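Residue-level structure breakdown
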Amino acid sequence: AYSSVASFTTLASGGTSYCESKGNNYSYEWIAKVVIGSFTNSSSAAGYTDFTNKTITMTAGTAYSIALTPGFASSTYNEYWKIWVDLNGNGVFDSNELLFDPGSMSKTTVTGTITIPAGTAARTTRMRVSMKYNAAQTACETFSYGEVEDYTVQIVAGSANPPATPTGLNVSSITTSGATLSWNAATGATSYDVQ
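What this report covers is the structure whose coordinates are included nearby. Bear in mind that the values here come from a model prediction, so they are computed numbers and not experimental data. (Residues numbered from 1 in each chain as written. Predicted model: local features only at pLDDT ≥ 70, side-chain atom pairs only at ≥ 80, totals over all residues. Heavy atoms only, no water.)

Each helix and strand in the protein was counted, giving zero helices and 12 strands. Listing every helix and strand of the protein by position from the N terminus yields β-β-β-β-β-β-β-β-β-β-β-β. Whereas a compact globule of 195 residues would reach a radius of gyration of roughly 16 Å, the protein reaches 25 Å, over 25% beyond that. When the 195 residues of the protein are sorted by exposure, 35% land in the buried category. (Helix = DSSP H or I, 4+ residues; strand = E, 2+ residues; numbered from the N terminus. Rg over C-alpha atoms; globule rule 2.2 N^0.38 Å. Buried < 20%, exposed > 50% of the residue type's maximum accessible area, 1.4 Å probe, protein only.)

Scanning all chains against the criterion turns up three salt bridges. Aspartate 150 is the salt-bridge partner of arginine 128, the closest N and O atoms lying 2.8 Å from each other. Here aspartate 150 lies in strand E10 (residues 142-156) and arginine 128 lies in strand E9 (residues 123-133), a separation of 22 residues in the sequence. Side by side, arginine 128 and aspartate 150 carry an identical accessibility label, which is buried. Residues joined in a network through salt bridges with shared partners are Arg126, Arg128 and Asp150. (Salt bridge = Lys/Arg side-chain N within 4 Å of Asp/Glu carboxyl O.)

Before going further, it helps to examine the sheet that holds strand E3 (residues 39-42). Pairing in this open sheet of four strands is antiparallel, and the strands run E3-E2-E5-E8 from one edge to the other. One side of each edge strand has no neighbouring strand; the edge strands of this open sheet are E3 and strand E8 (110-115). Between one strand axis and the next, the sheet turns by 25° as a mean value, whatever way the strands run. (Pairing = 2+ DSSP bridges. Axes fitted to C-alpha atoms, helices over the stretch in contact; angles between N-to-C directions.)

Scanning the entire structure with this criterion turns up one disulfide. Here cysteine 19 pairs with cysteine 140 through a disulfide, and the sulfurs are 1.8 Å apart. Here the disulfide of cysteine 19 and cysteine 140 is left-handed, its torsion about the S-S bond being about -70°. Here the residue cysteine 19 occupies a position in the segment before strand E1 (22-25), and cysteine 140 occupies one in the loop between E9 and E10, the gap between them amounting to 121 residues. (Disulfide = S-S within 2.5 Å.)

Before going further, it helps to examine unusual backbone geometry. Negative phi characterises most residues that are not glycine, and trans characterises most peptide bonds. Of note in this structure, asparagine 134 is not a glycine but carries a positive phi near 65°. When its relative accessible area of 38% is taken as the criterion, asparagine 134 is described as partly exposed. For serine 173, which is not glycine, the phi torsion reads 50° and is therefore positive. Its location among the elements puts serine 173 in the loop between strand E11 (167-172) and strand E12 (180-184).

Let's shift gears to the environment of lysine 132. By the element assignment, lysine 132 lies in strand E9. Residues lysine 132 and threonine 113, 19 residues apart in the sequence, show an inter-C-alpha distance of 19 Å. With sequence-adjacent residues up to four places away left out, lysine 132 is seen in contact with Asn78, Glu79, Tyr80, Gln137, Glu141, Phe143 and Tyr145. One polar contact links lysine 132 to glutamate 141, side chain to side chain, over a distance of 2.6 Å. (Contact = heavy atoms within 4.5 Å. Polar contact = N/O pair within 3.5 Å; in protein donor to acceptor, adjacent residues only side chain to side chain.)

In structure tokens, the structure reads:
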């Protein structure tokens, strides 16, 4: 028998909608280069750039080196950098999704590491890289000077350590219709497949 009718509304084209964040003035400073692991993207001055056509693949539980380089028209300025990743794919950059915050400002390239937390489900989602002049920013802020860039992130589930190989396999009580198998428990195994 068929179930009762269930109604639903699909998302607008383009998928999940994210809050806006940008720098109103980018004539003095902007994001010039983003390096995450083997991924590199260089760009020119803009208040916001949608780079979601570029995908960064990251494995959960793995640390990736990052280098964030500011661009300047002439003089250098103190810049604050942050990186968020929408880990649960709900379209919101929650406070626990701030994955890089150097805690201070810099006039030069900022380096560090970023890690998708172990156990994060595999999914395609969004990363936001934000550079703001002279102060820390929020994920959904329009500020006077700086730039924001959004990227697509393909999160790959991290591989857990495989269980040890069972030892001490023993066969007993052999009959024409069956046998008894026994073995020593394997560290890390939660179940066994007997073939």
